[in-house]
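Examination of the molecular architecture
The chain contents come next:
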Amino acid sequence: YRLARRHKPVSPTPTMVTFRRLEFLGFSGTEVAFEAQVSAGTYLRSFAHDLGEILGCGAHLDSLRRTAAGPFTVEGALTPDEIKALGPGSAARITPMDEIPLGIPTLVLTPAGTHAIRHGRPCGLSEVATPHPPLPPGRCRLKGPEGRLIGIGEVQLSAPSEARPLIRPQIVFGG
């Protein structure tokens, strides 16, 4: 997206995805309706485009409605009116950020590491209280010493311009 916004050529690389379910629901004129259950990272807009290319007629996604993400479903969601009706009781139905399953490791930072991340700066591996290195590269959940979620970061074990491994903040939560 960053390249496209700067009007630079984009050469997407093919990615293996999994369709757990693809169900044809019907069609009307030139529109086709389907439901799909897919793996993370699947872009249904790309699927529609590729399908149109294969069929030789072109295609695009007119609408998209996500009905589930991980353990969360539309059926388990509250409408704004339901939240209003429940009032303070709606808090019991909200999953705290700390409990949302992300499928990534959790790092607990020292006070110094927490301070750096909260201010949008990277921290070093020495500012990780647990687990002890070596750490796997990639995204991670970041918690402060008291156990509160402070953000999502990325462990970078070798950056060309850096002399040491770093944890770079990707998303920082207020608080």
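Since the structure is predicted, the reported quantities are computational estimates derived from the model, not experimental observations.

1. Considering the sheet that holds strand E7 (residues 128–130)
Spatially, 6 strands are ordered E6-E10-E9-E8-E5-E7 in an open sheet, and the strand pairing comes out mixed. Unpaired on one side and paired on the other, strand E6 (123–124) and E7 mark the two borders of the sheet. As paired elements, strand E8 (residues 138–143) and strand E9 (residues 149–156) share 6 bridges and run antiparallel to each other. Among the inter-strand pairings, Arg-139 is bridged to a residue of E9, identified as Glu-154.

2. Things to note about a nonpolar patch on the surface
Taken together, the side chains of Phe-24, Phe-27 and Val-32 make up a nonpolar region of the molecular surface, amounting to roughly 370 Å² of accessible area. Mapped onto the elements of the fold, Phe-24 is located in strand E1 (residues 19–28).

3. Observations regarding the confidence of the model for the protein
With 96% of its residues at a pLDDT of 70 or more, the protein shows a mean pLDDT of 88. Confidence, expressed as mean pLDDT per element, reaches its minimum in the protein at helix H1 (residues 2–5) with 80 and its maximum at helix H4 (residues 111–118) with 96.

4. Focus: the environment of Ile-152
Among the structural elements, Ile-152 can be located in strand E9. In the structure, Ile-152 is positioned 44 residues away from Val-108 in sequence and 12 Å away in space, judged by C-alpha atoms.

5. A short note on a positive patch on the surface
Taken together, the side chains of Arg-2, Arg-5, Arg-6 and Lys-8 define a basic patch exposed on the protein surface. Locating Arg-2 in the fold gives a position in helix H1. Taking relative accessible area as the criterion, Arg-2 reaches 66% and is therefore assigned exposed.

6. Comments concerning the nonpolar core
Counting 13 residues, the largest nonpolar core has Leu-107, Leu-109, Leu-142 and Ile-167 as its most contacted members. Looking at this core, the elements with two or more residues in it are strand E5 (106–109), H4, E8 and E9. With residues up to four places along the chain from it excluded, the contact list for Ile-167 reads Leu-107, Ile-117, Pro-122, Cys-123, Gly-124, Leu-125, Val-128, Cys-140, Leu-142, Glu-154 and Val-155.

Basis of the calculations
- Residues numbered from 1 in each chain as written.
- Predicted model: local features only at pLDDT ≥ 70, side-chain atom pairs only at ≥ 80, totals over all residues.
- Heavy atoms only, no water.
- Pairing = 2+ DSSP bridges.
- Helix = DSSP H or I, 4+ residues; strand = E, 2+ residues; numbered from the N terminus.
- Patch = residues over 30% accessible without salt bridge, like charges linked within 9 Å, V, L, I, M, F, W, Y side chains within 5 Å.
- Areas by Shrake-Rupley, 256 points an atom, 1.4 Å probe, with all protein chains shown as cover.
- Salt bridge = Lys/Arg side-chain N within 4 Å of Asp/Glu carboxyl O.
- pLDDT = per-residue confidence, 0-100.
- Lys, Arg positive; Asp, Glu negative; His and termini not counted.
- Charge placed at Lys NZ, Arg CZ, Asp CG, Glu CD.
- Buried < 20%, exposed > 50% of the residue type's maximum accessible area, 1.4 Å probe, protein only.
- Core = buried A, V, L, I, M, F, W, Y, C linked by side-chain atoms within 4.5 Å.
- Contact = heavy atoms within 4.5 Å.

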